[in-house]
Amino acid sequence: MTLPVHVRVGTYNLHGMRAGLAALAPVVVALRADVLCVQEVPRFVRWRARRGALAASAGLAVATHGRVGGVAVLTGPRMRVLHAEHHALRPFRGLERRALALAVVEPVGDGGRLVVGSFHLDLDEAARAYHVEEIIALMEDAAARHDASIVLGGDLNEQDHQPAWRHMAARLADCHAEAPAGGGPTFRSPRPRRRIDAVFAAREIAVVSCGVPLTGTDQAGASDHFPVVAELRVGH
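If you're wondering where the values come from, they're calculated on a predicted model, not measured in any experiment.

Is there a simple way to explain the packing of helix H1 (residues 21-31) against helix H2 (residues 47-57) in this structure?
For any two helices packed against each other, one specifies the inter-axial angle together with the distance between the axes. Two elements in contact, H1 and H2, have axes whose closest approach is 8 Å; the angle formed by their N-to-C orientations is 45 degrees. Judged on the interaxial angle alone, H2 and H1 are oblique. H2 is crossed by H1, and the crossing has right-handed handedness. Where H1 approaches H2, its residues Leu21, Leu24, Ala25, Val28 and Val29 are matched on the opposing element by Ala53, Leu54 and Ser57. Of the residues in the contact of H1 with H2, the class split is seven nonpolar, one polar and no charged.

I would appreciate a short explanation of the pairing of strand E12 (residues 228-234) in the present structure.
On a regular strand, one side chain projects to one face of the sheet and the next to the other, so that they alternate. By the criterion of burial, E12 is predominantly enclosed, with five of the seven residues buried. Pairing between strand E1 (residues 5-13) and E12: seven bridges, direction antiparallel. In the strand pairing of E12, glycine 10 is matched with valine 229. Pairing analysis gives five bridges linking strand E11 (residues 206-211) to E12, with the strands arranged antiparallel. The partner of alanine 206 across the bridge, within E12, is arginine 233.

What's the story with unusual backbone geometry in this structure? I'm lost.
The bulk of non-glycine residues show a negative phi, and the bulk of peptide bonds are trans. Note that the residue after phenylalanine 187, namely arginine 188, is joined by a cis bond; omega there is -5 degrees. Mapped onto the secondary structure, arginine 188 falls in the loop between helix H5 (175-178) and strand E10 (197-201). Cis rather than trans, the peptide bond between serine 189 and proline 190 has omega equal to 15 degrees. Note on placement: proline 190 falls in the loop between H5 and E10. A positive phi angle, close to 55 degrees, is found at methionine 17, a residue other than glycine. In this structure, methionine 17 sits in the loop between E1 and H1. In this structure, asparagine 157 is a non-glycine residue whose phi angle is positive, near 55 degrees.

What exactly am I supposed to notice about the pairing of E1 here?
The buried fraction of E1 is high, at eight of nine residues. In this fold, the crossover linking E1 to strand E2 (residues 35-39) by way of H1 has right-handed handedness.

Calculation rules
- Residues numbered from 1 in each chain as written.
- Predicted model: local features only at pLDDT ≥ 70, side-chain atom pairs only at ≥ 80, totals over all residues.
- Heavy atoms only, no water.
- Axes fitted to C-alpha atoms, helices over the stretch in contact; angles between N-to-C directions.
- Helix = DSSP H or I, 4+ residues; strand = E, 2+ residues; numbered from the N terminus.
- Parallel < 35°, antiparallel > 145°, perpendicular 65-115°, else oblique.
- Left-handed = near helix turned anticlockwise from the far one by under 90°.
- Contact = heavy atoms within 4.5 Å.
- Nonpolar A, V, L, I, M, F, W, Y, C, P; charged D, E, K, R; others polar.
- Buried < 20%, exposed > 50% of the residue type's maximum accessible area, 1.4 Å probe, protein only.
- Pairing = 2+ DSSP bridges.
- Right-handed = clockwise from strand over helix to strand, strands pointing away.

The following block contains the structure:
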């Protein structure tokens, strides 16, 4: 029988790591994430090495290795990576290419298998509306193939009253709305007023808490976004 376990899943837009590793590493360490969905990770010069250095600085590993879209999933030592995929989403003329990075993971020594996806929606409303459908379809396909529950973390570039967010929240639980903890707004630091970053989870997963963690680190100096962490109870 699979026993319930607590898993910390976070999402964090790194702003291209412009602030540098020394600024980002303490924030990422303080999140204590078992799985971290990241956006705006390096995707050009030395992109593999820079992603790897950030992960290693926080005791994490890079689980997904695609370059397109600047998204990735990082995992901690408590998690076993069973499978990983990287999908370029439908292109829109004149817009940045978007992607979905996903990893199938499970806690070491116990069950509760998850398929965790990292995404970054566009500033264009039509592209967001199309891509959110595409992302959900890809995640549902992976979940069915691997008998896993869905968790998504990302930057939606819109708020919870807007169409793409509402569509995703109709299919998955908005974890902060389910169990708010810590801060809510995520953009733009140092005085965020909008919640545009979120973790969503399949409804069979119990959300213990979710929000911007109060870590005592310089989150405003590390990125223009604040991170979000959800503590989830998975397994039966």
